[in-house]
Amino acid sequence: MTWQIWGQDWAVHLLQQHIRSGEVRHAYLFSGVPGVGRRTLALEFARALNCSQPPQPGGLCGECRNCRQIARMEHADLTVVQAAEPGSAIKVEQIRELQHSLSLSPYEARYRIALLLNFEQATPSAQNALLKTLEEAPSKVILLLTVSSPEDVLPTIVSRCEVLRLRPMALQSLADHLQRNAVMEPKQAEWLAHLSGGRPGAALRLHHDPAALEERRQWIKTLFTALSGSRAVRFQISEGLAGKDREQIRGVLRLWSSLWRDVLLLCGGQPEALTNLDLRPMLEQVAAHLDLRRAYACLNAVEQAQAGLDANLNTRLLLDVLMLDIPYLNEQIDLNSAQV
């Protein structure tokens, strides 16, 4: 059975070569935007390391007890560390508990594996606590970390890991995979490939989660309502969004950023590169009122709000500023011109 990874063949080959040559590192750091396949690649690597009947070195059968339990993240020799809830942090107490479990010999597999998800969410004390394990990891222990960017964690952590920087797939390649492996119609596969920005995990989550698509529709309508709304309406919107948790706010700002990027592309005469293909009629209405300079200013305003959120600035204040920075359109956008 081949590794179930799309678009990261180079990373699969590298990890398989480490297994075949007996040169497996004690720690790996998988970086990339959410949905690109970091966790999936880490779990496939863990399965290949501990498969009890691999068809060849570096391969995995997918059927043995180890393969099945690791895929479900339920194996006795796999410890998963992540934030307790969205928007919270990985705490030093979690790292100390991990260190205790890693001090034990493997229970039934070849290696004890620690999977630390979204480790950029770890507190500074938690990151410092992990350094001791990275420096003195037991021989049968392998640590697998996922992060958005290596720059989001301590340089001393990065220097002690084999770093694999994962990139989104080419849009047409992802669309082809979705048609073949997820049994999608070509038009839907193309839409999801664009909407996910080439991230297979994100595309599959949208495909299988109608609630996520409905939430996207609501926040799109919210932005277009703001464009023709009064200052009072805009402040009501910022107040409502400020009441969400920070991860949800980040998701909304990423969505709005993608919309303004599409408007910028339309203003620049490049509609073939749109992300939100289903919204083209609405986006063209907005672009008709703007030039390149103003479209770029709108995109920059959202990115500044994202930066302020990352810097832990006052959430309500930065969202109020964003609502004041986006243009007022003296025309309501036809929300029925697209399926949102």
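Summarised in this report is the structure supplied together with it. (Residues numbered from 1 in each chain as written. Predicted model: local features only at pLDDT ≥ 70, side-chain atom pairs only at ≥ 80, totals over all residues. Heavy atoms only, no water.)

Thoughts on the side chain of arginine 234
Note on placement: arginine 234 falls in helix H11 (residues 231–242). It turns out arginine 234 is buried and unbridged, and the closest side chain with the opposite charge, aspartate 325, is 8.4 Å from it. At a separation of 2.9 Å, a polar atom in the side chain of arginine 234 contacts the main-chain carbonyl oxygen of alanine 226. What arginine 234 contacts, discounting residues up to four positions off in sequence, is Ala226, Leu227, Gly229, Met323, Ile326, Pro327 and Tyr328. (Helix = DSSP H or I, 4+ residues; strand = E, 2+ residues; numbered from the N terminus. Buried < 20%, exposed > 50% of the residue type's maximum accessible area, 1.4 Å probe, protein only. Lys, Arg positive; Asp, Glu negative; His and termini not counted. Salt bridge = Lys/Arg side-chain N within 4 Å of Asp/Glu carboxyl O. Polar contact = N/O pair within 3.5 Å; in protein donor to acceptor, adjacent residues only side chain to side chain. Contact = heavy atoms within 4.5 Å.)

Things to note about the pattern of salt bridges
The full count for this structure, using the stated rule, is 15 salt bridges. Residue arginine 47 pairs with glutamate 44 through a salt bridge whose shortest N-O separation is 2.6 Å. Pair noted here: arginine 47 and glutamate 44 are both in helix H2 (residues 38–50), with a separation of 3 residues, about one helical turn. Looking at arginine 47, the relative accessible area reads 7%, which means it is buried. Judged by relative accessible area, glutamate 44 falls into the buried class, the value being 5%. Here glutamate 151 ties to arginine 165 by a salt bridge, and the two come within 3.6 Å at their closest N and O atoms. Linking glutamate 151 in the loop between strand E4 (141–147) and helix H6 (155–158) with arginine 165 in strand E5 (residues 162–165), this pair joins segments that are 14 residues apart in sequence. Of the residues examined, arginine 165 reaches a relative accessible area of 37% and is grouped as partly exposed. A cluster of three or more residues bridged by salt bridges with shared partners is formed by Glu247, Arg250 and Asp310.

A word on the sheet that holds E5
Strands sit in the order E2-E3-E4-E1-E5 across an open sheet of 5 strands; the sheet is parallel. Pairing within the sheet leaves two strands with one partner each, and these edge strands are strand E2 (78–81) and E5. Neighbour-to-neighbour, the strand axes of this sheet turn through a mean angle of 15 degrees, independent of strand direction. Taken strand by strand, helix H1 (residues 9–21) contacts strand E1 (27–31) and E5, and its axis lies near 160 degrees from that of E5. (Pairing = 2+ DSSP bridges. Axes fitted to C-alpha atoms, helices over the stretch in contact; angles between N-to-C directions.)

Here's the deal with the layout of surface pockets
Of the pockets and cavities examined, the second largest pocket occupies roughly 160 Å³. Contributing to the lining of the second largest pocket are Gln99, Leu102, Ser103, Lys132, Thr133, Glu136, Ala137 and Pro138. Every element with two or more residues in the lining of the second largest pocket is listed here: helix H4 (92–102) and helix H5 (124–135). The residue inventory of the lining of the second largest pocket, partitioned by class, reads 3 nonpolar, 3 polar and 2 charged. (1 Å grid on protein atoms, 1.4 Å probe; cavity = no way out; pocket = protein on both sides within 12 Å on 5 of 7 lines; lining within 4 Å. Points joined across faces, edges and corners; volume = space filled by probe spheres on them. Nonpolar A, V, L, I, M, F, W, Y, C, P; charged D, E, K, R; others polar.)

Examining the pairing of E1
Burial analysis of E1 places 5 of its 5 residues in the buried class, which makes it a mostly covered element. Burial along E1 is two-sided: Ala27, Leu29 and Ser31 facing one way and Tyr28 and Phe30 facing the other are all buried. Where E1 lies against E4, 5 bridges are found, and the strand directions are parallel. Bridge pairing in E4 links alanine 27 to leucine 143. Here E1 runs beside E5; their pairing, made up of 4 bridges, is parallel. Residue serine 31 lies in a different strand from E5, and its bridge partner there is arginine 165.

Let's talk about the side chain of glutamine 306
Note that glutamine 306 resides in helix H14 (residues 292–310). If we ignore the near neighbours within four places in the chain, the residues touching glutamine 306 are Leu253, Arg254 and Ser257.

Things to note about the packing of aromatic side chains
One pass over the structure, following the stated rule, counts 4 aromatic pairs. Ring geometry for tryptophan 3 versus phenylalanine 45: centroids 6.4 Å apart, planes at 40 degrees, classification tilted. Taken together, the residues span a long stretch of sequence, with tryptophan 3 in the segment before H1 and phenylalanine 45 in helix H2 at a distance of 42 residues. Each member of the pair, tryptophan 3 as well as phenylalanine 45, is classed as buried. Here the aromatic rings of tyrosine 28 and phenylalanine 30 are separated by 6.4 Å at their centres, their planes lie at 20 degrees, and the arrangement is stacked. Classification of phenylalanine 30 by relative accessible area gives buried; the value is 0%. A network of ring pairs unites the aromatic residues Trp3, Tyr28, Phe30 and Phe45 as a single cluster. (Phe/Tyr/Trp six-rings, centres within 6.5 Å; stacked < 30°, edge-to-face > 60°.)

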